[in-house]
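So the chains spell out like this:
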Amino acid sequence: QAVLADFMIEGHFRRHLRRMRTLYAERRRVLLEAVTKLPLEIHSPEAGIHCVGWLPDGMDDVALASRAPEYDLNLTPVSGFSIEPSPRKGLLLGYGGYTAQELKDGADRLRALFRSL
């Protein structure tokens, strides 16, 4: 706790947060640009490291996520976060742990997955 307190008092934590905000904002921008031509309605708050891509009516997020490994993707269906059946289906799209190129490549693979349906 003393080391963490010193880290914060000396301003290192503030600098770290500033760097991470800038980095995540750039990754968010890259992801949003990469998925513009996908059939997703994107909900992407300014803060965080995830966004939601809402699927068109009638598309099943669980079925889509189950086919994702065929395209070297790991997709999380939004419906898994709801106790009651959700009227809307979507995918949780994370961008915090990926480089810009990985995000672009992932969007290309997601595009190929959508084309296969």
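Small disclaimer: the values here were computed from a predicted structure and weren't measured. (Residues numbered from 1 in each chain as written. Predicted model: local features only at pLDDT ≥ 70, side-chain atom pairs only at ≥ 80, totals over all residues. Heavy atoms only, no water.)

**As for the side chain of aspartate 61**
Our working rule: Under the scheme used here, helices are H or I runs from DSSP no shorter than 4 residues and strands are E runs no shorter than 2 residues, and both carry numbers assigned from the N terminus. Only protein chains enter the accessibility calculation, which uses a 1.4 Å probe; a residue is then buried when its area is under 20% of its type maximum, exposed when over 50%, and partly exposed in between. Only four residue types enter the charge count: Lys and Arg as positive, Asp and Glu as negative, with His and the chain ends excluded. By definition here, a salt bridge exists when the distance from a side-chain nitrogen of Lys or Arg to a carboxyl oxygen of Asp or Glu is within 4 Å. In the analysis that follows, any N or O atom pair within 3.5 Å is treated as a polar contact, provided that within protein one partner can donate a hydrogen and the other can accept it, and provided that, for residues neighboring in sequence, both atoms belong to side chains.
With respect to the helices and strands, aspartate 61 occurs in helix H3 (residues 61–67). Buried and unpaired, aspartate 61 has lysine 89 as its nearest opposite-charge partner, separated by 4.7 Å. In this structure the side chain of aspartate 61 is engaged in a polar contact, spanning 2.9 Å, whose partner is the backbone nitrogen of serine 79. A distance of 3.5 Å separates the side chain of aspartate 61 from the backbone nitrogen of glycine 90, its partner in a polar contact.

**Remarks on the sheet that holds strand S2 (residues 50–54)**
Rule in force here: Each pair of strands is called paired provided DSSP finds at least two bridges between the two strands.
Read from one edge to the other, the open sheet built from four strands follows the order S1-S2-S4-S3, with strand pairing classed as antiparallel. Each edge of the open sheet carries a strand with a single partner, namely strand S1 (41–43) and strand S3 (76–77). The pairing of S3 with strand S4 (residues 90–94) spans two bridges and is classified as antiparallel. From the neighbouring strand, threonine 76 faces S4, where its bridge partner is leucine 92.

**Remarks on the pattern of salt bridges**
The tally for this structure, following the rule as stated, stands at six salt bridges. Between arginine 28 and glutamate 46 there is a salt bridge, and its shortest N-O distance comes to 3.6 Å. Placement of the pair is arginine 28 in helix H2 (residues 12–34) and glutamate 46 in the loop between S1 and S2, with a sequence separation of 18 residues. Judged by its relative accessible area of 15%, arginine 28 falls in the buried class. Here glutamate 33 and arginine 29 are joined by a salt bridge, their closest N and O atoms 3.1 Å apart. Taken as a pair, glutamate 33 and arginine 29 lie in helix H2 at a separation of four residues, close to a single helical turn. Its relative accessible area of 52% is what places glutamate 33 among the exposed residues.

**Quick notes on the environment of glycine 97**
Tracing the backbone through its elements, the reader meets glycine 97 in the loop between S4 and helix H4 (100–116). You can call glycine 97 exposed: its relative accessible area is 66%. For the pair glycine 97 and valine 30, spaced 67 residues apart in sequence, the C-alpha separation works out to 13 Å.

**Some words on the pairing of S2**
Burial analysis of S2 places four of its five residues in the buried class, which makes it a mostly covered element. One ladder, built from three bridges, connects S1 with S2; its direction is antiparallel. Residue pairing across strands places glutamate 41 opposite tryptophan 54, the latter belonging to S2. Remark: six residues form the turn of the hairpin made by S1 and S2, two consecutive strands paired antiparallel; glycine 48 in that turn has positive phi of roughly 105 degrees. Direction of pairing for S2 relative to S4: antiparallel, over a ladder of five bridges. Bridge pairing in S4 links valine 52 to leucine 92.

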